[in-house]
Amino acid sequence: MPASILPFSSPSSPTTKTTSSNSISNPKQPHPSSLSLLQKCTSLRELKQIHATILKTHFQSDISILTKLINFCSLNPTSTMDYAQNLFDKIPQPDIVLFNIMARGYARTHTPIQAVVLFIHMLNLGISPDDYTFPSLLKACANSKALEQGKQVHCLAIKLKFHHNIYVQPTLINMYAECGDVRAARRIFNQMGRPCIVSYNAMIAGYARSSLPNEALALFRELQAFDIKPTDVTMLCVLSSCALLGALELGKWIHEYIKKHGLDVYVKVNTALIDMYAKCGSLEDAIRVFEKMRSRDTQAWSAMIIAYAIHGHGNKAISLFEEMKITGIRPDEITFLGLLYACSHTGLVNEGRRYFYSMRDQYGIVPGIKHYGCIVDLLGRAGLLDEAYEFIQSLPIKPTPILWRTLLSACGVHGNVELGKRVIKHIFELEDSHGGDYVILSNMCAADGRWNDVNSIRKLMKDRGVAKVPGCSSIEVDNVVHEFFSGDGTHIQSVELHRMLDELVKQLKLVGYVPDTSLVFHADMTEEAKEASLRYHSEKLAIAFGLINTPPGMAIRVVKNLRVCGDCHSAAKLISMIFDRQIILRDLHRFHHFKDGSCSCGDYW
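Residues numbered from 1 in each chain as written. Predicted model: local features only at pLDDT ≥ 70, side-chain atom pairs only at ≥ 80, totals over all residues. Heavy atoms only, no water.

(A) Highlighting the overall build of the protein. Looking only at helices and strands, the protein has 30 helices and six strands in total. Classification of the 605 residues of the protein by burial places 51% in the buried group. Put simply, 65% of the contacts in the protein that link residues at least 6 apart link residues at least 24 apart. Only carbon and sulfur atoms are counted for the fraction: they give 53% of the accessible area of the protein, which is about 28,800 Å². (Helix = DSSP H or I, 4+ residues; strand = E, 2+ residues; numbered from the N terminus. Buried < 20%, exposed > 50% of the residue type's maximum accessible area, 1.4 Å probe, protein only. Contact = heavy atoms within 4.5 Å. Areas by Shrake-Rupley, 256 points an atom, 1.4 Å probe, with all protein chains shown as cover.)

(B) Structural context of the side chain of Thr298. Summarising the element assignment, Thr298 is placed in helix H17 (residues 298–310). Within the structure, the side chain of Thr298 is placed 3.0 Å from the backbone oxygen of Arg330, a separation counted as a polar contact. In contact with Thr298, other than residues within four places in its own chain, are Met324, Ile329, Arg330, Pro331, Asp332 and Thr335. (Polar contact = N/O pair within 3.5 Å; in protein donor to acceptor, adjacent residues only side chain to side chain.)

(C) Focus on the nonpolar core. Of all hydrophobic cores here, the largest spans 151 residues; its most connected members are Ile70, Ile254, Met304 and Leu407. No other element matches the nine residues that H17 contributes to this core. The contact partners of Ile70, leaving out residues within four places of it in the chain, are Ala84, Leu87, Phe88, Ile91, Leu98, Ile101 and Met102. Among the nonpolar cores identified, the runner-up in size contains 31 residues, and Leu497, Leu504, Val564 and Ala572 belong to it. (Core = buried A, V, L, I, M, F, W, Y, C linked by side-chain atoms within 4.5 Å.)

(D) Region of the structure containing the sheet that holds strand E5 (residues 591–595). Across the sheet, six strands lie side by side as E2-E1-E3-E4-E5-E6; this open sheet has mixed pairing. Unpaired on one side and paired on the other, strand E2 (480–485) and strand E6 (598–599) mark the two borders of the sheet. Relative to E2, strand E1 (residues 472–477) runs antiparallel, the two sharing six bridges. Counted as the bridge partner of Ser473 is Phe484 from E2. (Pairing = 2+ DSSP bridges.)

(E) Representation of the packing of aromatic side chains. This model, assessed by the stated rule, comprises 17 aromatic pairs. Between Tyr389 and Trp404, the aromatic rings sit 5.6 Å apart at their centres with planes inclined by 55 degrees, giving tilted as the arrangement. Here the residue Tyr389 occupies a position in helix H22 (residues 385–393), and Trp404 occupies one in helix H23 (residues 401–414), the gap between them amounting to 15 residues. Each member of the pair Tyr389 and Trp404 is classed as buried. (Phe/Tyr/Trp six-rings, centres within 6.5 Å; stacked < 30°, edge-to-face > 60°.)

(F) Geometry of the packing of helix H11 (residues 197–209) against helix H12 (residues 213–225). Direction vectors running N to C along H11 and H12 enclose 160 degrees, while the axes themselves pass 7 Å from each other. When the axes of H11 and H12 are compared, the pair comes out roughly antiparallel. Judged by the sense of rotation from one axis to the other, the crossing of H11 with H12 is left-handed. Only Pro213, Glu215, Ala216, Leu219, Phe220, Glu222 and Leu223 of H12 make contact with H11, whose side of the interface consists of Ile197, Tyr200, Met203, Ile204, Tyr207 and Ala208. Here the residues of the contact of H11 with H12 sort into eleven nonpolar, no polar and two charged. (Axes fitted to C-alpha atoms, helices over the stretch in contact; angles between N-to-C directions. Parallel < 35°, antiparallel > 145°, perpendicular 65-115°, else oblique. Left-handed = near helix turned anticlockwise from the far one by under 90°. Nonpolar A, V, L, I, M, F, W, Y, C, P; charged D, E, K, R; others polar.)

(G) Spotlight on the pattern of salt bridges. As enumerated under the stated definition, the model contains 23 salt bridges in all. Across the pair Asp603 and Lys573 runs a salt bridge whose closest N-O atoms are separated by 3.2 Å. A residue pair is termed long-range when its members are at least 10 positions apart, and Asp603 in the segment after E6 and Lys573 in helix H30 (residues 566–578) qualify at 30 residues. For Asp603, a relative accessible area of 45% gives the class partly exposed. Here Lys573 falls in the buried class, since its relative accessible area comes to 16%. In this structure, a network of salt bridges that share partners links the residues Lys145, Glu178 and Arg209. (Salt bridge = Lys/Arg side-chain N within 4 Å of Asp/Glu carboxyl O.)

Here it is as structure tokens:
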């Protein structure tokens, strides 16, 4: 294949000396001590010391030793590929084995696409790839999200008849899934005669990463039907899918499956269980898994801190972090994300500021865009909108639409229309296709009585083809997940649900419920029409379905794709009191535990 098929210029760093092969000789076998030292080597510093020894003993031209040095660099996370490249350049006629080692090494770095650059260089030298070449190349394309280059590598694999190789097929599936083309990944999976567990893992992981949990779980059931034994990697993806769905009962069944097959010995699996239980609304089960773990790494501690955070237990998250420090486990950037999230959702502004600045000062962790977002959220929720605006303006990086969007949402909550208009200008300079931005600003203007502005915003949305994301709530009953949209009339029980809600609203009004029609931003609607619109919100439909289809006293668990609306929040508190039910609602940002007429968020969300 000519190099021009892959759109890269000739590599600048991977160069080959023009020295004749006769300049490197192997007059004698390498000293055994050099090889034994390489086997015990654990760091780049030690590698350099060994290399220095090799130079002194005149084995610097021994290809077998150079190959082992390069192999160490490609495998060891403490090493650098720059050093490996320097060694590689000293070999006048590298073979396919050396190219494969280098490609594997580049695939794991922050510049994985260099593996493809090196591949072009290899083709220019007339060296043919083998079945070990393509997995590293495809992994590099996956890590770079380089779909076009991945397709070209795929084409060459087909041309050379390597595309059916048992090592190549799973990496092809993974490459397409990582690059966002899950349909192409599935086509390759379907073309396999009898997929192996590695291929199943790649496809299940692809669905989970693409937020297609039902498809991931369907593949897991298929895997069981074929009596293929899952691995810990399989269970990580399956648990992630359960977490996305909020399917607690299914998650519990999978937990039992994990214990039955002895997969609960893995720290990562237990960490995924903590995450699954927390996101499915069962903080108690998450705590039980955490407390039973024989060993815990940074990820396990972080998962439990995040679990406390999303359930509104900010002080418990902070206490666990202090306990983590006592045990000697060093926090990472994910740990601090959990901490900052906990502070944000419980109004712990001073604590949030302190932990944010301790990241760099005490632990040398450079804050990322998500940490900045947590601080904006922390300040915005507390009503410190001007401080949040100044914080974004002073960042050492260019603010993203998500950062500005976080502040816009806070402006909407606190009704600051003027600042909201300034913020949305920043957003539109970067991105103008997100429907939620228009909706927030439109709602702010409507609440302030600026109907001309509202009409202008809605016209702008129409002109730009921007659509509002519909509210969707889901509930799991008898291992089946039911979805509802606002005003939904398509569910098989729709008539019964609407009748139930009509009667329910009457009962709620007897105990003080007043529909908050100010949340319906349509000037031409009557009060009665506004009440009806609120009555059939997706959250209320899902809760009503739970009341009808689950036994008295059983907790109702609902997942919503957007922030829960204020009227539904007020109604859920009263429903929990009237029916003596605990209602656990997971919205876009956090969990709300409604019980005995109150919510765990303390109305701070």
